[in-house]
Amino acid sequence: MKKVIEIVNIIDTAKVYAELSDAKSGGICVFVGAVREFTNNEEVVALEFETYKSMALKEMEKIADRALEKWSLNKVVMRHAVGEKGVEEPVVVVGASSAHRDACFEACRFLIDTLKETVPIWKKEKFKNKTVWVSAHP
Amino acid sequence: MNVLFFGITKDIVGSSEISFSDGFKPVNVAELKKHLIDSYPEFSKLNSLAVAVNSEYADDNVSLMGNEEIAIIPPVSGG
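Residues numbered from 1 in each chain as written. Chains lettered and ligands numbered in written order. Predicted model: local features only at pLDDT ≥ 70, side-chain atom pairs only at ≥ 80, totals over all residues. Heavy atoms only, no water.

Q: Explain the packing of aromatic side chains to me, using residue names and the numbers behind them.
A: Scanning all chains against the criterion turns up six aromatic pairs over all chains. With a centroid separation of 4.8 Å and an interplanar angle of 25°, the aromatic rings of A:Tyr52 and B:Phe6 are classed as stacked. Taken as a pair, A:Tyr52 in the loop between strand E4 (42-51) and helix H2 (53-70) and B:Phe6 in the loop between strand E1 (2-5) and helix H1 (7-13) lie in two separate chains rather than in one. The same class applies to A:Tyr52 as to B:Phe6, namely buried. When the ring of B:Phe20 is compared with that of B:Phe24, the centres are 5.2 Å apart and the planes differ by 90°; the resulting orientation is edge-to-face. An aromatic cluster is defined as three or more aromatic residues linked by ring pairs; in this entry it consists of A:Tyr52, A:Trp122 and B:Phe6. (Phe/Tyr/Trp six-rings, centres within 6.5 Å; stacked < 30°, edge-to-face > 60°. Helix = DSSP H or I, 4+ residues; strand = E, 2+ residues; numbered from the N terminus. Buried < 20%, exposed > 50% of the residue type's maximum accessible area, 1.4 Å probe, protein only.)

Okay, structure coming up:
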């Protein structure tokens, strides 16, 4: 299968190599987004993700299709987690494989950057004394 | 007409879905947005407010029949 597009409760980062590995691919590039301990010097207890799943999957599908049109890729993976995630837990994995490294490096960057712009997923930062929906307000 | 809310808009409205009990039937996305901003002034403080019709982003001029799945999309923050 050329594309893997998923929204899951728990991300297993060990799966992605087998999903992208391909006899025609000399390069595999993967980005993993994880929960960082501090935001603006404030300690984060957890992040909570929610999604409009049917639309999020459609938007992720569109992004993967655009990447496949733009670069010569053999396989693409886009997987995002939902629910509450603690520090160091993976929340998103995107990756691509291609014959040579340039295509998969560029595509990988495009996949995560575009996902962050258009896919209907929302993140709430939980600090010790407050919670904040990320990017909601100026 | 039912409208779905996510993220901060769900918190503002206090529900993940509402139906307009007053019989309000917007003809397009712009009218729906105006009605929501009038009803929930906090919406106007958000960085952006998009509308999805049948799970696709919809511009202000997209017409509404009343049988679509409509969702309010506050600023996204995945990744």
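Continuing now.
Q: Help me get a handle on the interface of chain A and chain B, residues and values and all.
A: Residue-level contacts link 28 residues of chain A with 23 residues of chain B. A combined buried area of about 2100 Å² lies between chain A and chain B, and 53% of that area is made up of carbon and sulfur atoms. Our count for the contact surface shared by chain A and chain B stands at three salt bridges. Linking A:Glu50 and B:Lys10 is a salt bridge whose minimum nitrogen-to-oxygen distance equals 2.8 Å. Scanning the region where chain A abuts chain B turns up 19 residue pairs in polar contact (both at pLDDT 80 or more). Tallying contributions element by element places H2(A) first for the side of chain A that touches chain B, with five residues. Classifying every residue of the side of chain A that touches chain B gives 14 nonpolar, six polar and eight charged. (Contact = heavy atoms within 4.5 Å. Buried area = accessible area lost by both parts, 1.4 Å probe. Salt bridge = Lys/Arg side-chain N within 4 Å of Asp/Glu carboxyl O. Polar contact = N/O pair within 3.5 Å; in protein donor to acceptor, adjacent residues only side chain to side chain. Nonpolar A, V, L, I, M, F, W, Y, C, P; charged D, E, K, R; others polar.)

Q: Just give me the short version of the side chain of A:Asp22, but keep the residues and values in it.
A: Residues and elements named next belong to chain A. By the element assignment, Asp22 lies in the loop between helix H1 (16-20) and strand E2 (27-34). Relative accessible area serves as the criterion here: at 18%, Asp22 is assigned to the buried category. At 2.8 Å, the side chain of Asp22 and the backbone nitrogen of Lys24 are in polar contact. When sequence neighbours within four positions are dropped, the list of residues in contact with Asp22 reads Asn74, Lys75 and Ser97.

Q: Explain the sheet that holds strand E4 (residues 56-58) of chain B to me, and be specific about the residues and the numbers.
A: Residues and elements named next belong to chain B. With mixed pairing, the five strands of this open sheet are ordered in space as E2-E1-E5-E3-E4. Single-partner strands in this sheet number two, and they are strand E2 (17-19) and E4. The average angle at which neighbouring strand axes cross in this sheet is 35°, direction not considered. As judged from the three bridges shared by E1 and E2, these two strands associate in the antiparallel manner. In the strand pairing of E2, Asn2 is matched with Ser19. Relative to strand E3 (residues 50-53), helix H2 (residues 29-39) is tilted by about 130°, and along the sheet it contacts E1, E3, E4 and strand E5 (70-73). (Pairing = 2+ DSSP bridges. Axes fitted to C-alpha atoms, helices over the stretch in contact; angles between N-to-C directions.)

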